[in-house]
Amino acid sequence: MTAPDATSALVPGPWRHRDISANGVRLHAAELGEGPLVLLVHGYPQFWWAWRHQLVALADAGFRAVAVDLRGYGGSDKPPRGYDLPTLSADVAAVVRALGEDDAVVVGHDWGGLVGWTMAALHPRSVRSLVVVSSAHPRELRSAMTHPGQRHASRYALRYQLPRLPERRLTRADDDPVADLVRRWAGPSWVHTTDFADAVARYRDAARIPQAAYGAMEFHRWAFRSQFRPDGLRYARRMTAPVTAPTLQLHGTLDPCVLLRTAAGSGRYVAGAYEWRELPGVGHFPHEESPDEVSRAIVAWAR
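Here, residues in each chain are numbered from 1, in the same order as that chain's written sequence. Totals for whole chains, interfaces and linings use every residue, but because this is a predicted model, local features are given only for residues with pLDDT of at least 70 and side-chain atom pairs only at 80 or more, for both listing and counting. Hydrogen atoms and water are omitted, and side-chain values are computed over all heavy atoms in the structure.

Colleague: Which parts of the structure should I look at to understand the pairing of strand S1 (residues 16-22)?
Modeller: Side-chain positions along a regular strand alternate between the two faces of the sheet. As judged from the seven bridges shared by S1 and strand S2 (residues 25-32), these two strands associate in the antiparallel manner. Of the residues in S2, the one forming a bridge with Ala22 is Val25. Whether two strands pair depends on DSSP finding at least two bridges between them. The secondary structure listing takes helices from DSSP runs of H or I that are at least 4 residues long and strands from runs of E that are at least 2 residues long, numbered from the N terminus. Count of turn residues in the S1/S2 antiparallel hairpin: two residues, of which Asn23 carries a positive phi of about 55°.

Following this line, the structure appears as structure tokens:
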């Protein structure tokens, strides 16, 4: 079976695809609409297409919506290094400037949420307001690893610490780890829909783009290994900076990956306006499981 190439990330639709030079790498993005900038940042194991519903809803509401592929994902460059949160947040902050804007409403899910939290702390002038979906503040997530429930929920990342083997498994043609992962983390109302089947097929192909699996694993390797290194300790100290951007946090009550109680304490790091909102019956992918509700929340917060 021939592996998909990066062009498989260029899913056609009402949006236009573009490449953006930012922080020394080329990042792919899909853009739709005109108005104030809303920057959408995906998580694992997804790519920009996870925001397909929100791109349309935000454009219809009068915003310029841009969904970016993080380095290592989709149509973006896949360099050997730079998969730490300080570098990733610098990438996305540079995207804001490359798009000709001083700041943006930053919306992040999962790893994209961690990038959003980091941007708001380390690049506060780039973040007009913040929407975090299914992601705890990095310091809150770090401290939650002392609790058995979150340790159990995060155990999948331990397998990613091995060299090369996780990448091979993620890209095997005779296995479907991406589908298994998304199904395990999703709420029950989404997994039996055609939209779920389409999403899984897209994410499976995106994971098999050459070097994409390596990038995805390096995210997790840095997150785990840096906790025992000086760079991780420096990052944790820097993340004590209070978030001054108005922050909305959306979290599914059935999220088995980032537990509700883990994420719920993140507001203590926000000095600006803050709202916590639980989404009943929703798992780890609210923007896909309940797209209309999430889109309405983002539009209202962006306004």
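Now that the structure has been shown, we can carry on.
Colleague: How should the pattern of salt bridges be read in this particular structure?
Modeller: A side chain of one charge can pair with a side chain of the opposite charge if their charged atoms are brought near each other. Throughout this description, the term salt bridge denotes a Lys or Arg side-chain nitrogen within 4 Å of a carboxyl oxygen of Asp or Glu. Enumeration over the complete set of coordinates arrives at 18 salt bridges. A single salt-bridge network, built from bridges that share partners, covers Arg16, Arg18, Glu31, Arg64 and Glu101.

Colleague: Sorry, what's going on with helix H2 (residues 85-98) here?
Modeller: One turn of the α-helix equals 3.6 residues, which is why residues spaced by three or four share an orientation. Helix span, expected: 1.5 Å multiplied by one less than the number of residues in the helix. If you check H2, its first and last C-alpha atoms are 20 Å apart, about what 14 residues at 1.5 Å a residue would give, namely 20 Å. Between buried and exposed lies partly exposed: a residue is buried under 20% and exposed over 50% of the maximum accessible area for its type, with that area taken using a 1.4 Å probe on protein chains only. The buried fraction of H2 amounts to 10 of the 14 residues, a majority that puts the element mostly inside the structure. Residues of H2 that are buried include every one of Leu85, Leu88, Ser89, Ala90, Asp91, Val92, Ala93, Ala94, Val95 and Val96, and no others. In the stretch just after H2, Gly100 is the one whose phi turns positive, near 80°.

Colleague: I would appreciate a short explanation of the nonpolar core in the present structure.
Modeller: The nonpolar core is taken to be a set of buried Ala, Val, Leu, Ile, Met, Phe, Trp, Tyr and Cys residues, with the residues joined through side-chain atoms within 4.5 Å. Among the nonpolar cores identified, the biggest contains 103 residues, and Leu40, Tyr44, Trp48 and Val107 are the most heavily contacted of them. Element by element, the count of residues in this core is highest for helix H3 (residues 111-122), at eight residues. Between two residues, a contact is recorded if the distance between any of their heavy atoms is within 4.5 Å. If near-sequence neighbours (up to four positions away) are discounted, Val107 is found in contact with Val38, Leu39, Leu40, Val41, Trp51, Val131, Val133 and Ile298.

Colleague: I tried to follow the environment of His147 on my own but got confused; where do I start?
Modeller: The residue His147 is located in the loop between helix H4 (138-144) and helix H5 (148-153) in this model. Looking at His147, the relative accessible area reads 41%, which means it is partly exposed. For the pair His147 and Gly116, spaced 31 residues apart in sequence, the C-alpha separation works out to 24 Å.

Colleague: Got a minute to help me understand the packing of aromatic side chains in this structure?
Modeller: Two aromatic rings are characterised by how far apart their centres lie and by the angle between their planes. Any Phe, Tyr or Trp ring, taking Trp's six-membered ring, that has another such ring centre within 6.5 Å forms a pair; planes under 30 degrees apart are called stacked, those over 60 apart edge-to-face, and the others tilted. This model, assessed by the stated rule, comprises 16 aromatic pairs. Plain terms: the ring middles of Trp15 and Trp48 are 5.2 Å apart, the flat faces sit at 75° to each other, and that makes the pair edge-to-face. Here Trp15, found in the segment before S1, pairs with Trp48, found in the loop between strand S3 (37-41) and helix H1 (52-60); they are 33 residues apart in sequence, far enough to count as distant. The two residues Trp15 and Trp48 agree in class, both being buried. Given the relative accessible area of 0%, Trp48 is considered buried. One aromatic cluster in this structure is built from Trp15, Phe47, Trp48, Trp49 and Tyr203. Only lysine NZ and arginine CZ atoms are considered, and such an atom sits over a ring when it is within 6 Å of the ring centre and within 35 degrees of the ring normal. The cationic tip of Arg52 hangs over the ring face of Trp49; the distance from NZ or CZ to the ring centre is 3.8 Å. For Arg202, the ring lying beneath its charged end belongs to Trp49, and the centroid distance is 5.4 Å.

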